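Examination of the molecular architecture
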Amino acid sequence: MSTDRLADVDLTDASVWEQAAPHDWLDRLRAESPVHWHDESDGPGFWALTRHEDVHRVSTSPREFSSHAGGPLRLDPEPDALEQLRMVIIGMDPPDHRTFRAIVSKAFTPRTMARLEASLRAETVRVVGELRDARRCEFVTDVAARIPMWSISELMGVPPEDRQRLYELSHALIDDQDPEIAPTPDTALVASAEIFAYAAEMAVRERAHPSDNLTGALLQAEVDGRRLDDMEFTLFFLFLIVAGNETTRTATSQGLLALLQHPDQMQRLVADPGLVPSAVEEMLRWEPPIQHFRRTATEDLDLGGQAIARGDKVLMWYAASNRDPAVFADPHAFRIDRSPNPQQSFGIGEHFCLGANLARMSLRLLFTELLATVQNVHLEAQPRRLHSNLINGIKEMRIGYDVR
Ligand code: HEM
């Protein structure tokens, strides 16, 4: 993707991202205009951040850069949608955010995660084990999508018969930039209404028969004398289904693709599975599952020498900050033993991903099991990427392999 003028760079164009993250644009922005005013055809414009330090500053300064004012996404939501976003953890600012996060964190305890680990390992062995029956598969559906949906369902107590439907709904909801997934503008709305109804039923069931899963913990946890109400629970459930599924599935597919595109790194990892944890961090750095999140300035301020006005939108482009040469040596090299690796794909600071431990654990278990089970993995067709500048998704990735 090349262009002569920075003003012609268009980070809102999903068809650009569908090909690949436009690293030559991102590199130029970082070098020439790291806090860059970017016009948009469908909004007032935004500041595009491409440096690691600026993404860090904005993410760790929630009072100056609000998630509540305009939500976490690029386009300004309609007033009703904004009201709902503000009831979800990701659309809150301190002090409310701290209170809410404390309730939710109680449900994401190390104990819950440790309890999940044994069964997650067993599920991973089962899913990967099915690869032995054939010599080819569609990796996204057959492997990458299954584990995150399974984990979230186990955590929340979603019965097996409902999981596939919820998975399809979450897909329609978040990947609505892609016409293949959301053919009409109503697709996402209808999907969210259906998930909504489902979560409301869960809350009723849970209140009648309390359990010790995440749903139970969320509905029972109390902080400062308050519990989540039904609407808060429903919105959080919806958010978790989307936040946990899309991201981990994407990280899994992108992670394997990165290894296939770097056979020397694949070989090293096979030879030394002890490198899986650092390989996972490098996969996350290399292809952030979420391309950007947004904040809104709450006051006039200076950022990287630019005058930001109150109300301005600020977008943090993780694919760029993760390859900032000021922080990462040889940033465009995929190195599974990179250390340190302060990648920003889980966000930083106030809203740092609550599911990061679960995602890391899932990815480590999966790649360990996968590489122990199959060999000579290769692409059988070009992967089909999602049409989106928000989710770095892969829709289809056909691979062939031999069983070890
Ligand atoms: C590789 C997988 C994942 C990636 C890359 C990812 C990425 C992110 C990012 C970038 C944020 C920060 C948003 C911001 O700064 O505005 C975030 C927040 C969050 N994520 Fe994840 N996520 C992943 C997996 C998960 C999973 C598996 C769950 C839950 C089961 C989860 C739950 C959450 C929650 C609850 C928040 C909101 C935290 C807050 O607002 O305080 N994520 N995630």
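Under an unreviewed UniProt entry, the name given to the protein is Cholest-4-en-3-one 26-monooxygenase, and the organism recorded is Nocardioides marinisabuli.

**Observations regarding the overall build of the protein**
Summing up its helical and strand segments, the protein has 16 helices and 12 strands in all. Against the globule reference of 22 Å for 404 residues, the protein gives a C-alpha radius of gyration of 21 Å, in line with a compact fold. Taken along its principal axes, the extent of the C-alpha atoms in the protein is 60 × 55 × 40 Å. The buried share of the protein, reckoned over its 404 residues, is 57%. Of all intrachain contacts in the protein linking residues separated by at least 6 positions in sequence, the fraction that spans at least 24 positions is 71%.

**Observations concerning the packing of helix α6 (residues 110-129) against helix α8 (residues 146-156)**
Two measures define how a pair of helices packs: the angle their axes make with one another and the distance between the axes. With their axes 10 Å apart at the nearest point, α6 and α8 run at an angle of 145° to one another. In terms of crossing hand, the pair formed by α6 and α8 is right-handed. Of the residues in α8, those in contact with Thr 112, Met 113, Leu 116, Ser 119, Leu 120, Glu 123, Thr 124, Arg 126 and Val 127 of α6 are Arg 146, Ile 147, Trp 150, Ser 151, Glu 154 and Leu 155. In the contact of α6 with α8, the residues fall into 7 nonpolar, 4 polar and 4 charged.

**Description of helix α10 (residues 186-208)**
With 23 residues, α10 ought to run about 33 Å at 1.5 Å a step, and its terminal C-alpha atoms sit 34 Å apart, in line with that. Every buried residue of α10 is listed here: Thr 187, Ala 188, Ala 191, Ser 192, Ile 195, Tyr 198, Ala 199, Met 202, Ala 203 and Glu 206.

**Brief notes about the site of the ligand**
Around the ligand, the structure places 27 residues, and the nearest of them are His 97, Arg 101, Arg 295, His 351 and Cys 353. A distance of 2.7 Å separates an oxygen atom of the ligand from a polar atom in the side chain of Arg 101. Within the residue set of the shell around the ligand, elements represented by two or more residues are α5 (96-107), α12 (230-261), β5 (292-297) and α16 (356-373). Each residue belonging to the shell around the ligand can be placed in one class, and the counts come to 16 nonpolar, 8 polar and 3 charged.

**Some points on the pairing of β5**
For a regular strand, side chains alternate in direction, first toward one face of the sheet and then toward the other. With respect to burial, β5 is a largely interior element, 6 of its 6 residues being buried. Residues His 292, Arg 294 and Thr 296 of β5 are buried on one face, and the alternating residues Phe 293, Arg 295 and Ala 297, pointing to the opposite face, are buried as well. Pairing geometry for β5 and strand β8 (residues 313-317), over 5 bridges, is antiparallel. Bridge pairing in β8 places Arg 294 opposite Leu 315.

**Regarding the sheet that holds β5**
Within the open sheet, the 5 strands sit side by side as β1-β2-β8-β5-β3. Their pairing is mixed. The sheet is open, and its two edges are formed by β1 (35-38) and β3 (65-66), each paired on a single side. In the packing of helix α3 (residues 52-59) onto the sheet, the strands contacted are β1, β2 (46-49), β3, β5 and β8, and the crossing angle to β8 comes to about 125°.

**Points about the coordination of the iron atom of the ligand**
Looking at the protein side alone, the iron atom of the ligand has one donor only, Cys 353 (SG), at 2.3 Å. Its place among the elements puts Cys 353 in the loop between α15 (318-321) and α16.

**A short note on the packing of α6 against α16**
The geometry of α6 relative to α16 is characterised by a closest axis approach of 10 Å and an angle of 30° between their N-to-C directions. Judged by the sense of rotation from one axis to the other, the crossing of α6 with α16 is right-handed. Taken together, the residues of α16 that come into contact with α6 (itself represented by Met 113, Leu 116, Glu 117, Leu 120, Arg 121, Thr 124, Val 125 and Val 128) are Leu 358, Met 361, Ser 362, Leu 365, Leu 366, Glu 369, Leu 370 and Thr 373. The residue makeup of the contact of α6 with α16, split by class, is 10 nonpolar, 3 polar and 3 charged.

**Focus: the packing of aromatic side chains**
The final tally for this structure, using the stated rule, is 8 aromatic pairs. Plain terms: the ring middles of Phe 233 and Phe 237 are 6.3 Å apart, the flat faces sit at 25° to each other, and that makes the pair stacked. With Phe 233 and Phe 237 both in helix α12 and 4 residues apart, the pair spans about one turn of that helix. Judged by its relative accessible area of 0%, Phe 237 falls in the buried class. Connected via pairs of aromatic rings, a cluster forms that spans Trp 17, Phe 46 and Trp 317.

**Focus: the layout of surface pockets**
Of the pockets and cavities examined, the second largest pocket occupies roughly 250 Å³. In terms of lining, the second largest pocket is formed by Glu 123, Arg 126, Thr 141, Ala 145, Arg 146, Met 149, Trp 150, Arg 163, Gln 164 and Tyr 167.

**Concerning the environment of Arg 398**
Inspection of the secondary structure puts Arg 398 in strand β12 (residues 398-403). For Arg 398, a relative accessible area of 40% translates into the label partly exposed. C-alpha separation for the pair Arg 398 and Arg 384, spaced 14 residues apart in sequence, amounts to 9.3 Å. What Arg 398 contacts, discounting residues up to four positions off in sequence, is Cys 137, Glu 138, His 378, Leu 379, Glu 380 and Ala 381.

**Things to note about the side chain of Lys 395**
Within the element layout of this structure, Lys 395 appears in strand β11 (residues 394-396). With relative accessibility at 17%, the residue Lys 395 sits in the buried group. At 3.3 Å, the side chain of Lys 395 and the side chain of Glu 180 are in polar contact. With sequence-adjacent residues up to four places away left out, Lys 395 is seen in contact with Glu 138, Val 140, Asp 178, Glu 180, Ile 181, Arg 384, Arg 385 and Leu 386.

**What about the nonpolar core?**
Counting 109 residues, the largest nonpolar core has Phe 139, Met 156 and Phe 237 as the members making the most contacts within it. The element best represented in this core is α12, accounting for 14 residues. In this structure Phe 237 touches Met 156, Val 158, Leu 166, Ile 195, Tyr 198, Ala 199 and Met 202, once residues within four positions along its chain are discounted. Counting residues in hydrophobic clusters, the runner-up holds 15 residues, among them Trp 17, Ala 21, Leu 26 and Leu 315.

Analysis parameters
- Residues numbered from 1 in each chain as written.
- Predicted model: local features only at pLDDT ≥ 70, side-chain atom pairs only at ≥ 80, totals over all residues.
- Heavy atoms only, no water.
- Helix = DSSP H or I, 4+ residues; strand = E, 2+ residues; numbered from the N terminus.
- Rg over C-alpha atoms; globule rule 2.2 N^0.38 Å.
- Buried < 20%, exposed > 50% of the residue type's maximum accessible area, 1.4 Å probe, protein only.
- Contact = heavy atoms within 4.5 Å.
- Axes fitted to C-alpha atoms, helices over the stretch in contact; angles between N-to-C directions.
- Left-handed = near helix turned anticlockwise from the far one by under 90°.
- Nonpolar A, V, L, I, M, F, W, Y, C, P; charged D, E, K, R; others polar.
- Expected span 1.5 Å × (residues − 1).
- Near = heavy atom within 4 Å.
- Polar contact = N/O pair within 3.5 Å; in protein donor to acceptor, adjacent residues only side chain to side chain.
- Pairing = 2+ DSSP bridges.
- Donors = N, O, S within 2.8 Å, 3.2 Å for Na, K, Ca; no water.
- Phe/Tyr/Trp six-rings, centres within 6.5 Å; stacked < 30°, edge-to-face > 60°.
- 1 Å grid on protein atoms, 1.4 Å probe; cavity = no way out; pocket = protein on both sides within 12 Å on 5 of 7 lines; lining within 4 Å.
- Points joined across faces, edges and corners; volume = space filled by probe spheres on them.
- Core = buried A, V, L, I, M, F, W, Y, C linked by side-chain atoms within 4.5 Å.

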